[in-house]
Amino acid sequence: MVKTEKIKVKTKGNCDIVNITEQVGEVVAESAVRDGTVTLFNVGSTAGITTTEYEPGLVNYDIKAAFEKIAPENARYEHEETWHDDNGHAHVRASLLGPSLSVPVVGGRLTLGTWQQIILVDFDTRPRTRTVICQILGE
Ligand code: ZN
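Residues numbered from 1 in each chain as written. Predicted model: local features only at pLDDT ≥ 70, side-chain atom pairs only at ≥ 80, totals over all residues. Heavy atoms only, no water.

S.K.: Can you help me understand the overall build of the protein chain in this one?
M.R.: Regarding its fold elements, the protein chain presents four helices and eight strands. Start at the N end of the protein chain and walk to the C end: the helices and strands fall as β-β-α-β-β-α-α-α-β-β-β-β. Taken over C-alpha atoms, the radius of gyration comes to 16 Å for the protein chain, in line with the 14 Å a tight globule of 139 residues would show. Each of the three principal axes of the protein chain carries a C-alpha extent, and together these read 50 × 30 × 20 Å. Taken across its 139 residues, the protein chain has 39% of its residues classed as buried. (Helix = DSSP H or I, 4+ residues; strand = E, 2+ residues; numbered from the N terminus. Rg over C-alpha atoms; globule rule 2.2 N^0.38 Å. Buried < 20%, exposed > 50% of the residue type's maximum accessible area, 1.4 Å probe, protein only.)

Dropping the structure here:
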């Protein structure tokens with residue numbers, strides 16, 4: 001069976017990292033699927049989805065610092081010449097992180113590690129309400 005749900009995620013923008021593990025777990029639990037895969041997909045090109053150990057060092061400092069090195073906020077971006085906006089770095093970061101994540105579901109539960117949490121990282125330069133598609137495929 002295939003079940004498709006949406007979850008809404010409020011963010012502050014500017015590399016805000018939001019733990020969406022609980023919301024995803026609820027969607028999986030409410031589906032009748034015991035074994036299969038959940039695919040998560042962020043709609044939009046300035047945020048991405050991955051996993052991390054959700055602790056203050058990584059969440060408040062290390063991940064943001066890494067993205068600032070890879071695609072600095074104050075560098076020059078051709079995208080900003082195209083649209084006269086300010087989020088070239090957000091697009092580059094989101095492209096590198098990727099918009100989606102697949103997690104195996106076994107026995108109706110996400111097969112995450114003990115400290116592994118699913119995060120949405122919003123790189124845009126303003127608060128946003130994100131839509132994440134959760135598509136559960138299995139039986
Ligand atoms: Zn833009």
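S.K.: How should I be thinking about the coordination of the zinc ion in this particular structure?
M.R.: Ideal values differ by geometry: the angle at a metal is 109.5 degrees with four tetrahedral donors, but 90 or 180 degrees with six octahedral donors. Bound to the zinc ion are the protein donor atoms His79 (NE2), Asp85 (OD) and Asn87 (OD1), situated 2.0 Å from the metal. One chain supplies every donor for the zinc ion, spaced along it as H-x5-D-x1-N. Classification of Asp85 as partly exposed rests on a relative accessible area of 30%. (Donors = N, O, S within 2.8 Å, 3.2 Å for Na, K, Ca; no water.)

S.K.: Teacher, can you tell me more about helix H4 (residues 88–97) here?
M.R.: The α-helix winds at 3.6 residues per turn, so residues separated by three or four positions along the chain end up facing the same way. For H4, every residue scored as buried is listed here: Gly88, His89, Ala90, Arg93 and Ala94. Contact partners of the buried residues in H4: strand E4 (47–53), helix H2 (56–70) and helix H3 (78–83). Of the residues one or two after H4, Gly98 is the one with positive phi, at around 95°. (Contact = heavy atoms within 4.5 Å.)

S.K.: What exactly am I supposed to notice about the sheet that holds E4 here?
M.R.: Picture the strands of a sheet paired through backbone hydrogen bonds; they go either parallel or antiparallel. Spatially, the three strands line up as an open sheet ordered E2-E7-E4, and their pairing is antiparallel. A single partner strand is all that each edge strand has here, and the edge strands are strand E2 (16–19) and E4. When strand polarity is set aside, the average angle formed by the axes of neighbouring strands in this sheet is 35°. Relative to strand E7 (residues 116–122), E4 is paired through seven bridges, and the arrangement is antiparallel. Each bridged residue has a counterpart across the sheet, and for Thr51 the counterpart in E7 is Ile118. (Pairing = 2+ DSSP bridges. Axes fitted to C-alpha atoms, helices over the stretch in contact; angles between N-to-C directions.)

S.K.: What am I meant to see in the side chain of Ser31 here?
M.R.: With respect to the element layout, Ser31 can be found in the loop between helix H1 (21–30) and strand E3 (36–42). Among all residues touching Ser31, those that are not within four sequence positions of it are Lys3 and Ile136.

S.K.: Would you mind going over the sheet that holds strand E1 (residues 2–11) with me for this structure?
M.R.: Strand order across the open sheet formed by five strands is E1-E8-E3-E5-E6, with antiparallel pairing between neighbours. Where the open sheet ends on each side, the last strands, each with one partner, are E1 and strand E6 (109–110). Sheet analysis places E3 next to strand E5 (residues 100–106), joined by six bridges and oriented antiparallel. Each bridged residue has a counterpart across the sheet, and for Thr39 the counterpart in E5 is Ser102. Along the sheet, H1 contacts E1, E3, E5, E6 and strand E8 (128–138); its crossing angle with E1, the most-contacted strand, is approximately 160°.

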